[in-house]
Amino acid sequence: ATPKLWGGRFTGKVDPLMEKFNASLPLDKRMWAEDIRGSQAYAKALVKAGILTQEEAETIVGGLDKVASEWASGTFVVKAGDEDIHTANERRLTELVGAVGGKLHTGRSRNDQVATDTRLWLFAALTEVRGSLQELISVATNRAEAEADVLMPGFTHLQQAQTVRWGHWLMSHASAWQRDDMRLRDLLPRVATLPLGSGALAGNPFLVDRQFIARELGMVGGVCPNSMDAVSDRDFVAESLFFAALHLVHLSRWAEDLIIYSSGLFGFVQCSDAYATGSSLMPQKKNPDALELIRGKAGKLQGNLAGVMAVLKGTPTTYNKDFQEAWELMFDSVDAAHDCIRIATGVLSTLSINPDRMMKGLSADMLATDLAEYLVRKGVPFRETHHVSGAAVKMAEDTGVPLSSLSVAQLQSIHPLFEDDVVKVWDFSASADARDTEGGASKRSLLEQVAKMRAYLAAE
Ligand code: ARG
C-alpha cells in the first residue's frame, strides 16, 4: 500500500476495519473532476505565490489532466491506502509526474480542499437541477394555457368546494415550484463560495491569491471570509437539502392530488403507460407508481436533511471527520430530487385529462356561495345571505332535488329579493370567472398568471 499522506508520525498498523471505516473514496470519487479542477487552479495560484515555477505548474496541470482522463475512461486504478479522492488523485499525480507532484499540497489542507470540491460539485449539480425544475414549471404553464377552459371542482378538506379551472390547479403547483426555484437561485452563490486558501483552519502562509482562485473556479459567491468558518461551514449542504426536501414536499402534494384524481372514482386524469405499472394479480389495475415513488422519496429526503443537521450539531469549530457522513445524504438527496423533477415532468407532459369527469364532479350545491353572493349584490349583508343560502340548500335536500332545480318561487319563499335572473347563478364557468381578482380562478386571471410565469422564466 502507498504510504499515508499523514504517515510521518505514525508507526503502528491501522486496523483493516478502521481503514475501511475511515475511507470515503467510494462516495467522494464522484467529485474527481472537481478535485482536479480545484488542484489545477491551486497550482496556478502557487505560481503567482512563487512556490511553483511556471514549468512545474504546467507539469502538474498536465499530470492532473492525465489523471482526469483515467477517471473519465474508467481506467483509474484505486490502490489500497487511497483514503479519499484527494489522496487518490495526489498519489496518482505523483506516480505520473514524480516528486514535483508533492509540491501541489503546499499550504493546502484536505480541509479546505474537500469543502472546495463539494461546493464545486453541488453548484454544478444544483445548476442542472434548476434547469430541470424550470422545464417542469414551463410544462405546467403551457398546459394551463392550452387547457384554460377546462373546469374542475376545487377542494378544501378534500370536500368539493368551489369551481376552479384545471389550469388554475396546475398554476397553483407551478407557483410553489417557482418559490423553490427562487430559493435555489438565492442559495447558489452561497454554495459557490471559495474555502480554498484557508489551509487546515488558520489560513495560507504562502499568500495564495484567493480572489484569483475563486475567479478561476467560477465561484460566483466570492471567497469565504474567515478561514476557521470556511473549513467548518456545511450550511451550503444543509440549505441545499432543505431546498430538496421542501421541493419534494411540494411535488408529493402534487403527486397526491394526481393519485386521487386518477382513482377510478374520480377519473379526472389518467397517467400514461410510461409512468404506471400493472398488478401481478389484478388485470384491470393501472397503478400510479411514479407518483407514489415521488411521495415516498419526499419522506426520505426529510430524513436526509435531519441527518445532515444532526451530523453538524455540536461539532467543535473547524473541521471534524463527522462531516464526511454528510456526503452520502447529500448525493442521495440531490439525485433523488433531480430524478423526481424529471419524472414529474414526464408524468405531467403525458397525462391525459377527462374534462367530462371533472364536470361531473361539479355539483349544484358548490354554487351555494354564489347564491349568497347574488343577494349580497342586492345589498343584503353577507352574514344574512349565508343563512338564506343555507336554507335553500336545506330545502333542496329536503325535497330531494339539486339546489339549481329550486324554482324562483321557492327561493322567493326564503328571501323576497330573489328574482328571475337568479338562474344565472347556476353556471359553473361564470362562477369561476366571477373570481376575477389577481390570482383568482377566472380565465383572465389564469392567463395573466401564465403570462407572468413565462416572463419570470424568460428573465431567469
Ligand atoms: N475525506 C475527508 C472528508 O470527506 C477529507 C478531509 C479530511 N481531512 C482531515 N483532516 N482528515 O471530509
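Parameters at a glance
Residues numbered from 1 in each chain as written. Predicted model: local features only at pLDDT ≥ 70, side-chain atom pairs only at ≥ 80, totals over all residues. Helix = DSSP H or I, 4+ residues; strand = E, 2+ residues; numbered from the N terminus. Rg over C-alpha atoms; globule rule 2.2 N^0.38 Å. Buried ≥ 20, exposed ≤ 12 C-beta atoms within 10 Å, placed from the backbone. Contact = placed C-beta atoms within 7 Å. Near = placed C-beta within 6 Å. Nonpolar A, V, L, I, M, F, W, Y, C, P; charged D, E, K, R; others polar. Domains from an automatic or database assignment. Core = buried A, V, L, I, M, F, W, Y, C linked by C-beta atoms within 7 Å. UniProt positions renumbered as here; feature names shortened; annotations may be inferred. Axes fitted to C-alpha atoms, helices over the stretch in contact; angles between N-to-C directions. Parallel < 35°, antiparallel > 145°, perpendicular 65-115°, else oblique. Left-handed = near helix turned anticlockwise from the far one by under 90°.

Structural notes on the overall build of the protein
Item 1. When you go through the protein residue by residue, the secondary structure sums to 18 helices and 4 strands.
Item 2. Computed over the C-alpha atoms, the radius of gyration of the protein is 31 Å, more than 25% above the 23 Å expected from 2.2 N^0.38 for a compact globule of 460 residues.
Item 3. In terms of its C-alpha atoms, the protein occupies a principal-axis envelope of roughly 100 × 50 × 40 Å.
Item 4. Sorting the 460 residues of the protein into buried and exposed places 39% on the buried side.
Item 5. Of the contacts formed within the protein by residues at least 6 apart in sequence, a portion of 75% connects residues at least 24 apart.

Here's the deal with the environment of L258
Item 1. By the element assignment, L258 lies in helix α10 (residues 235-262).
Item 2. Its 24 C-beta neighbours within 10 Å are what place L258 among the buried residues.
Item 3. With near-sequence residues (within four places) excluded, L258 lies in contact with V269, P288 and L291.

A word on the site of the ligand
Item 1. As a structural note, the neighbourhood of the ligand is formed by S24, D28, D84, R110, N111, V114, Y319, K321, F323 and Q324.
Item 2. Looking at the shell around the ligand element by element, the count peaks at 3 residues for helix α6 (residues 110-146).
Item 3. Class assignment for the residues of the shell around the ligand results in 3 nonpolar, 3 polar and 4 charged.
Item 4. Domain assignment of the residues forming the shell around the ligand places at least three in each of domain 1 (7-103) and domain 2 (110-360).

Regarding the nonpolar core
Item 1. I213, I294, A337, C340 and A344 are the most contacted members of the largest nonpolar core, which has 101 residues in total.
Item 2. Taken domain by domain, the makeup of this core includes at least three residues from each of domain 1 (7-103) and domain 2 (110-360).
Item 3. In this structure, I294 is in contact with L251, S252, A255, C340, I343 and A344, ignoring residues within four places of it in sequence.
Item 4. Grouped together as the second largest cluster of nonpolar side chains are 11 residues, L371, L375, L403 and L406 included.

Some points on the UniProt feature "domain: Argininosuccinate lyase C-terminal" (unreviewed entry) in the protein
Item 1. Taken from the UniProt record, the annotation "domain: Argininosuccinate lyase C-terminal" (unreviewed entry) applies to residues 366-431.
Item 2. Taken end to end, residues 366-431 is 58% helix and 0% strand, and its first and last C-alpha atoms sit 10 Å apart.

Here's the deal with the packing of helix α14 (residues 368-376) against helix α15 (residues 382-399)
Item 1. It is the contact of α14 with α15, at a shortest axis distance of 8 Å, that shows an interaxial angle of 135°. Taken together, the axes of α14 and α15 lie oblique to each other. Crossing angle aside, the handedness with which α14 passes α15 is right-handed. For the pair formed by α14 and α15, the contact residues are A368, L371, A372, L375 and V376 on the first element and F382, T385, H386, V388, S389, A392 and V393 on the second.
Item 2. Residue composition of the contact of α14 with α15, grouped by class: 9 nonpolar, 3 polar and no charged.

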